[in-house]
Amino acid sequence: MNTRRSIWVTGASSGLGVALVERLLEQGHRVAASGRESQQLDQLNQRFGKQLLRLPGALHKAEQAQAAGQRLQEAWGTLDTLIINAGTCDYLDASLGVDRLFDTIVTSNLQASEHCLGAALGLLKAGNRPQVMAVLSRHAAQQLYNPNQPTTACNSLHHWLREQRPALSVLKIDLTVVA
């Protein structure tokens, strides 16, 4: 039985993301890695060659997430697993002030998650036992704006993910949220 899977990991330039990529490659999976330029990803590319597909881009921008999805379509035509590593701060401007830091983390991770799931959906439908796993840092899991407001898909990545579950279930795509 072939257990090799095609997996897209976002936020893969450092930390948990690059560790996931390395372990998945060692297990023999085909891995697409999205993230900033990364010496660690460069080294993994040298070790694993065509088993690793680099998908650079600012995924919180719809057109760049769609371009990543298109590259996946052209390279593999299918996707078994999407790991949304929303614990990262890949898209933050270095000059960002402390007063906007947490809102920007939550906003950019929400946008990247929405865009990546949208870009991957057709590929996942064609996948083998497709699944989405979202890994949220404590910051990405926070609610935007006033925490006394009710959570909605517009102000909470965790809530947005929960709202995706019924539609994904109809498509036989499993969803796991790790926060």
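**Side note on the overall build of the protein**
Alright, step 1. For the protein, the count of helices and strands is 5 helices and 6 strands.
Alright, step 2. Listing every helix and strand of the protein by position from the N terminus yields β-α-β-α-β-α-β-α-β-α-β.
Alright, step 3. A total of 179 residues make up the protein; the buried ones form 47% of that total.
Alright, step 4. Residue pairs at least 24 apart in sequence account for 64% of intrachain contacts in the protein once pairs closer than 6 positions are excluded.
Alright, step 5. Summed over all atoms, the accessible surface of the protein reaches about 9200 Å², with 50% contributed by carbon and sulfur.

**Here's the deal with the confidence of the model for the protein**
Alright, step 1. Mean pLDDT for the protein: 85, with 79% of residues reaching 70 or above.
Alright, step 2. Considering each helix and strand of the protein separately, the mean pLDDT is smallest for helix α4 (residues 98-125), with a value of 83, and largest for strand β1 (residues 6-9), with 97.

**As for helix α2 (residues 39-48)**
Alright, step 1. Those residues of α2 not exposed but buried are Leu41, Leu44 and Phe48. Burial along α2 is one-sided: seen end-on, the buried residues are contained in an arc of 55 degrees. Exposed and oriented more than 90 degrees from the buried face of α2 are Gln39 and Gln46.
Alright, step 2. For α2, the elements touching its buried residues are α1 (15-26), β2 (30-33) and β3 (52-54).
Alright, step 3. With a side-chain oxygen lying 3.2 Å from the backbone nitrogen of Gln40, the N-terminal cap of α2 falls on Ser38.
Alright, step 4. Taken from the residues just after α2, Gly49 is the one with a positive phi, measuring 55 degrees.

**Quick look at the nonpolar core**
A general trend in soluble globular proteins is that nonpolar side chains are found buried together.
Alright, step 1. With 29 residues, the main nonpolar core has Trp8, Leu72, Leu79, Leu82, Leu124 and Val132 as its most contacted residues.
Alright, step 2. With 8 residues, the top contributor of residues to this core is α4.
Alright, step 3. If we skip the residues at most four places from it in the chain, Leu79 touches Ser6, Ile7, Trp8, Leu72, Ala120, Leu123, Leu124 and Gly127.
Alright, step 4. The next biggest cluster of nonpolar side chains, apart from the first, holds 15 residues, and it includes Ala33, Leu41, Leu44 and Leu52.

**Notes on unusual backbone geometry**
Alright, step 1. Unusually for a residue other than glycine, Arg129 sits at a positive phi of about 45 degrees.
Alright, step 2. Of note, Arg129 is situated in the loop between α4 and β5 (131-136).

**So, the environment of Ile173**
Alright, step 1. The residue Ile173 is located in the loop between α5 (157-170) and β6 (174-178) in this model.
Alright, step 2. Residues Ile173 and Leu121, spaced 52 residues apart in sequence, show a C-alpha to C-alpha distance of 9.2 Å.
Alright, step 3. Once you skip the residues sitting within four places of it in the chain, Ile173 turns out to touch Leu121, Leu124, Lys125, Pro130, Gln131, Val132 and Leu168.

**A short note on the environment of Leu161**
Alright, step 1. Topologically, Leu161 is positioned in helix α5.
Alright, step 2. On the basis of relative accessible area, Leu161 is assigned to the buried category, the value being 1%.
Alright, step 3. Along the chain, Leu161 and Val177 lie 16 residues apart, while their C-alpha atoms are 7.7 Å from each other.
Alright, step 4. Setting aside residues no more than four positions away along its own chain, Leu161 makes contact with Ala134, Leu136, Leu175 and Val177.

**A short note on the pattern of salt bridges**
Alright, step 1. Applying the stated criterion across every chain yields a total of 5 salt bridges.
Alright, step 2. The partner of Arg23 in a salt bridge is Glu26, with the nearest N and O atoms 3.7 Å apart. Of this pair, Arg23 and Glu26 both sit in helix α1, separated by 3 residues, roughly a single helical turn.
Alright, step 3. For Arg23, a relative accessible area of 48% translates into the label partly exposed.
Alright, step 4. With a relative accessible area of 41%, Glu26 lands in the partly exposed category.

Each value, and the rule that gives it
Residues numbered from 1 in each chain as written. Predicted model: local features only at pLDDT ≥ 70, side-chain atom pairs only at ≥ 80, totals over all residues. Heavy atoms only, no water. Helix = DSSP H or I, 4+ residues; strand = E, 2+ residues; numbered from the N terminus. Buried < 20%, exposed > 50% of the residue type's maximum accessible area, 1.4 Å probe, protein only. Contact = heavy atoms within 4.5 Å. Areas by Shrake-Rupley, 256 points an atom, 1.4 Å probe, with all protein chains shown as cover. pLDDT = per-residue confidence, 0-100. Arc of directions from axis to C-beta. Polar contact = N/O pair within 3.5 Å; in protein donor to acceptor, adjacent residues only side chain to side chain. Core = buried A, V, L, I, M, F, W, Y, C linked by side-chain atoms within 4.5 Å. Salt bridge = Lys/Arg side-chain N within 4 Å of Asp/Glu carboxyl O.

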